[in-house]
Amino acid sequence: MTSTVSDFGLSCGSLPAGARNAITDVPGIRVGHCTLRNGDTNTGVTAILPHGGNLFRTKVTAASHVINGFGKTTGLAQVQELGTIETPILLTNTLSVGTCATALIRDAIRQNPDIGRTTGTVNPVVGECNDGPLNDIQALAISEQHALAALADAHEGEVEQGNVGAGTGMTCFGFKGGIGSASRRIALGGGHHLGVLVLSNFGRPGDLVLPDGRRPDPGQPAGDERGSVMIVLATDVPLEHRQLERVARRAGAGIARLGSFWGHGSGDIAIAFSTGNLVDHDESRDLVPLLALNEARIDILFRAAAEATHEAVLNSMLSAEALTGRAGKHRASLADWLRDRQC
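Please read all numbers here as calculations on a predicted model, not as lab measurements.

**Concerning the packing of aromatic side chains**
- In total, this model carries 1 aromatic pair according to the counting rule given.
- Each ring, one from Phe173 and one from Phe202, has its centre 5.1 Å from the other, and the planes form 65°; the classification is edge-to-face. With Phe173 in the loop between strand S7 (171-172) and strand S8 (175-176) and Phe202 in the loop between strand S10 (192-200) and strand S11 (229-235), this residue pair connects regions lying 29 residues apart in the sequence. For the pair Phe173 and Phe202, one class covers both residues: buried.
- The positively charged end of Lys59 is found above the aromatic ring belonging to Phe56, 4.2 Å away from the centroid.
- Note that Arg250 overlies the ring of Phe302, its terminal NZ or CZ placed 3.7 Å from the centroid.

**Comments concerning the pairing of S10**
- S10 sits mainly inside the fold: 9 of its 9 residues count as buried.
- Both faces of S10 are covered, namely the face carrying His192, Leu194, Val196, Val198 and Ser200 and the face carrying His193, Gly195, Leu197 and Leu199.
- Note: strand S9 (residues 178-186) against S10, 9 bridges, orientation antiparallel. The partner of Ser183 across the bridge, within S10, is Gly195.
- Between S9 and S10, which pair antiparallel in sequence order, lie 5 residues; one of them, Gly189, sits at a positive phi of approximately 55°.
- As judged from the 7 bridges shared by S10 and S11, these two strands associate in the antiparallel manner. Looking at the pairing, Gly195 lines up with Ala234 of S11.

**Considerations on the pattern of salt bridges**
- Evaluation of the coordinates by the stated rule reveals 18 salt bridges.
- Between Arg226 and Asp224 there is a salt bridge whose closest N-O contact spans 3.3 Å.
- The exposed category is assigned to Arg226, whose relative accessible area is 55%.
- Residue Asp224 is classed as exposed on the basis of its relative accessible area, which comes to 54%.
- Salt-bridge contacts for Glu283 lead to Arg285; the nearest nitrogen and oxygen are separated by 2.8 Å.
- Shared partners join several salt bridges into a network, and the residues in it are Arg184, Arg303, Glu307 and Glu311.

**Things to note about helix H3 (residues 144-153)**
- Along H3, the positions that sit buried rather than exposed are Ala147, Ala150 and Leu151. In an axial view of H3, the angular spread of the buried residues amounts to 100°, which keeps them on one side of the axis. For H3, the exposed residues set more than 90 degrees away from the buried face come down to Gln145 and Ala152.
- Those residues of H3 that are buried are in contact with strand S1 (30-38), strand S2 (41-49), strand S5 (89-93) and helix H2 (97-111).

Definitions and cut-offs
Residues numbered from 1 in each chain as written. Predicted model: local features only at pLDDT ≥ 70, side-chain atom pairs only at ≥ 80, totals over all residues. Heavy atoms only, no water. Phe/Tyr/Trp six-rings, centres within 6.5 Å; stacked < 30°, edge-to-face > 60°. Helix = DSSP H or I, 4+ residues; strand = E, 2+ residues; numbered from the N terminus. Buried < 20%, exposed > 50% of the residue type's maximum accessible area, 1.4 Å probe, protein only. Lys NZ or Arg CZ within 6 Å of the ring centre and 35° of its normal. Pairing = 2+ DSSP bridges. Salt bridge = Lys/Arg side-chain N within 4 Å of Asp/Glu carboxyl O. Arc of directions from axis to C-beta. Contact = heavy atoms within 4.5 Å.

Right, dumping it as structure tokens:
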């Protein structure tokens, strides 16, 4: 049974959530999954599409922020240099980044046969976390077809959370982690949203702090903080690259509220994009107009990023069912822990 923060009377901040309380509250955002569950194989791919059109031809403004860089993402150097994203964002396990990048490249070439011929090459964006404890990561089970299946599954509406897609084999604070999402409504210029989707696989067992102050015990050895978290932030507020990087940085505040100190072995990375400013690949004008947020109003986006990230991680854990994975390794469900204490 899928559960979220609201089911347990918990609250992550003061801003109102969107109608779905998910990244898809930002108009046009699509999310899809491909899930692999078979014996020791517990992994998958999650796709986030900023819009339903040709992203190479109509890019979104973007930025990224590395909270702690123990990660193996691809595409972030160009995102930071040019300030745009031109493919869907794929999330997967650490050893499948290359496979997913190739799938994105093939899909972009299919839509744009001029790539690498009469126009530039394409920059695939892929993020990862290590699901090795619960998944036989050495099996390299993810194929290009699985990545394409996640893209094909992408749709607007409710976001499936927990043990799904890239989140299938993930661990968070010693409990079962996975995919989680949340959103906040932004009262700017008629109403906007900021949404977050996370792939949660971080946190030292025993360090998790719930919004009500409780510290759940996952029954796992404490050890070191390691694992990683990928945070994707989306908004329809028009922001330019520098503003998006500032917003992405505030995702770290949401992670800290959970009890994480961003340990040496954890790859904690945020990617932020805005659908409010689109960039035409074939633009011919010398000067182009840019709509951007008044910097004096940006605090509400900082608050939204921290609150939605905080809640998205908790939703990833509360939506995840207990799982026994590779070599009998077990991860308990945070929702089960909370239910046991409601009785």
